[in-house]
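Structural overview for review
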Amino acid sequence: MNESRLLLTSVMKPLGTAYGDADSVGYELLHAQVTRAQGLFSPRAVHKQFSLDYLAENIDSPTVVLHYPSKKEFIRELKKGYDYVGISFIVVTYHRMQEVAALVREHAPKAKIILGGYGTVLPDEALQPYGDHICRGEGVEFLRGLLGQPPLAKHKHPVIESRLKVFSKTVSYTGMIFAGLGCPNGCDFCSTSHFFRRKHLRLLSTGADVYEVVLRHLAVSPDAQFTILDEEFLLNKQRALEFRDKVVAGGKPLSIFVFASMKALSLYEPSELLAMGVDGVWIGFEGERSGYEKRVGKSPEKIFRRLHANGITVLASMIVGFDYQTPEILDQELDHLLNLRPDLCQFMIYNPNPGTPLYERVLENGTLREHYAADPKKYWHDASGFKSLTKHPVMSAGEIEGAQRRCFRTDFNRLGPSIYRVLETMLEGYLAHKDSPEPILRKKAACFAAELRKAYPTFLAGEWLGPNAGARRRVSALRERVFAQLGAACVSERLLSVAALGAAVWTGVKLRLNLFQHPELTRTAYRMPPKGFMPSWLNEK
């Protein structure tokens, strides 16, 4: 066994605009890029560098993984002695990677630094001063080759979870399932697709493999929900339907969130998706004239309507700043999207990421804004999707960035808090399938009912604190519809409603004052001998 000791780490906390980072840079995806305008109603979940745990599970060396250490915590860990330190970063945290690398050189000068993550799309001259090795592409093969370990015939899948909070209370355990890397769609702005050269790398080859990971999570938490990390999980219909058959045979309804294009969703009936457990999808709406292949198939109207009618939540992403867009066209596309009533929305500025066709086109045409062309590090720092980096035919940077802010505000003000939009979709799913002839769909309807019942205490906060009178009335109307189907709140639920209202207010105070917004360090050891064990312990393992 190769006994080189590895330390794999994210960048260090604190992160955020208050600490010199670009807008949306932090620990969360939902709150930073989706529900960012929803304040105290925003669901919260720390987005860890899950890939580090996946790598640690699939090498043979003693390894420790750190998620968001402080400077003090990182230095303390370095002093325990490591042969390699791997740093995961993205383009917008390049400056944070520099800080971590400097501490490694100072406190563990003999350790070799490995740079990995989507930040490695940057040129060698920007990375080589800080790393001894650069991992581009699939990481398990790279690390095992570096450490002199033979290739794996099949990857081992770690049990990694995320926790979702509403009003500062944990409401769900989400098991992360790594089914594939890359995306074949090849959208011109997409780092995920072009980092892997438009190839899809299957990490879980069959539906049975996916279901096996599900069972491992359920053994830890019987009420687990799931996110399948694979840009187009549904596009391989054979694998998806095999997985559905396993779920149906198992008899336990699941709750799964997936990423899916309109092209992929057009291959299925909503009942097929629900039977396999898919009750949430992230759809790239992007732009109506974008011309992306992933938009072919059934119309957005038909897809959104049928998903909602069957209890399937929709997170839709729209791009702001396509060359064809004018302020008027943007408003029209936003209006069209919101008329589809997505449960959640993301709005990102059309920007070039290094390694993508859009980036090459911007360089060729000289359309990068002058101050970014003159200062690449400033460009990398600001490339978070919330700054306009390129010249637009008709709109200034300020107009594009203002339009993006307006999109988030309009979504929240017109449709209300997403947590209640999701509950309304669940109610539709319950009504559609409570009397279904298919046992798995009847059970799924019962799960929707149970989730709605758990949410009873949240209604009061929405009725009192919603963003406007219309939003508050919609929450009241939803509550009345739910009560009509499932029964009124009991005494304990009414008391919990008051407590939830207080928790919502406290959540808003914390957010406004930037209190308790940083996650605690997560440290996980793999194959590290406990203190007091003889070195021979490693050989026994």
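As the structure is a computational prediction, the values presented were derived from the model and not from experiment. Sequence order as written defines residue numbering, which begins from 1 separately in each chain. Per-residue local features of the predicted model are confined to residues with pLDDT of at least 70, and side-chain atom pairs are confined, for both listing and counting, to 80 or more; whole-chain, interface and lining totals are unaffected and use all residues. Only hydrogens and water are set aside when side-chain values are computed; all heavy atoms of the structure are taken into account.

Any two of the Phe, Tyr and Trp rings considered here, Trp counted by its six-membered ring, make a pair once their centres fall within 6.5 Å; the pair's planes then place it as stacked at under 30 degrees, edge-to-face at over 60, or tilted in between. Throughout the structure, instances matching the rule amount to 24 aromatic pairs. Whether a charge sits over a ring comes down to the Lys NZ or Arg CZ being within 6 Å of the ring centre and within 35 degrees of the ring normal. Geometry around Phe 408 places Arg 36 over its ring, the cationic atom sitting 5.8 Å from the centre. It is Arg 295 that lies over the ring of Phe 285; its NZ or CZ is 5.2 Å from the centre.

Our next topic: the packing of helix H18 (residues 418-433) against helix H19 (residues 439-454). Fitted lines through C-alpha atoms give the axes, limited to the stretch in contact for helices. The angle between two N-to-C directions lies from 0 to 180 degrees. Helical segments are the DSSP runs of H or I of at least four residues, strand segments are the runs of E of at least two, and each set is numbered from the N terminus. For the pair H18 and H19, the least separation of the axes is 8 Å and the interaxial angle reads 145 degrees. In terms of crossing hand, the pair formed by H18 and H19 is left-handed. Here Leu 423, Met 426, Leu 427, Gly 429, Tyr 430 and His 433 of H18 come into contact with H19, specifically with Leu 441, Arg 442, Ala 445, Phe 448, Ala 449, Glu 451 and Leu 452. In this classification, Asp, Glu, Lys and Arg are treated as charged, Ala, Val, Leu, Ile, Met, Phe, Trp, Tyr, Cys and Pro as nonpolar, and every other residue, Gly included, as polar. Its residues assigned to classes, the contact of H18 with H19 comprises nine nonpolar, two polar and two charged. Each helix crossing is assigned a hand: it is left-handed if the near helix lies turned anticlockwise from the far helix by less than a right angle, otherwise right-handed if that turn is clockwise. What makes two residues a contact is simply this: any of their non-hydrogen atoms within 4.5 Å.

Pairing of side chains with opposite charge becomes possible as their charged atoms draw close. Criterion for a salt bridge: a side-chain nitrogen of Lys or Arg within 4 Å of a carboxyl oxygen of Asp or Glu. Under the counting rule described, the total for this entry stands at 30 salt bridges. A salt bridge links Lys 154 to Asp 209, with the shortest nitrogen-to-oxygen separation between them at 3.3 Å. One end of the pair, Lys 154, is in the loop between helix H6 (139-146) and strand S6 (160-166); the other, Asp 209, is in helix H8 (residues 207-220), and 55 residues separate them in sequence. Residue classification places Lys 154 among the exposed residues on the basis of a relative accessible area of 52%. In this structure, Lys 294 engages Glu 286 in a salt bridge whose closest nitrogen and oxygen atoms are separated by 2.7 Å. Among the charged side chains, a salt-bridge network with shared partners connects Asp 21, Arg 96 and Glu 99. Exposure categories follow from relative accessible area, calculated using a 1.4 Å probe and restricted to protein chains: below 20% of the type maximum is buried, above 50% is exposed, and the middle band is partly exposed.

Before going further, it helps to spend a moment on the confidence of the model for the protein chain. As a general rule, the predicted coordinates of low-pLDDT regions are not to be interpreted in detail. In this model, the protein chain carries a mean pLDDT of 94, and residues with pLDDT of at least 70 account for 97%. A score between 0 and 100, pLDDT records how confident the predictor is in each residue. Low pLDDT (under 50) marks residues 536-541, which in the prediction has eleven contacts with non-local residues, meaning those over four places away or in another chain.

The disulfide definition used here is simple: a pair of cysteine sulfur atoms within 2.5 Å. Under the defined criterion, the tally for this structure stands at zero disulfides. Lacking any disulfide linkage, Cys 183 is separated from the closest cysteine sulfur, that of Cys 190, by 5.9 Å.

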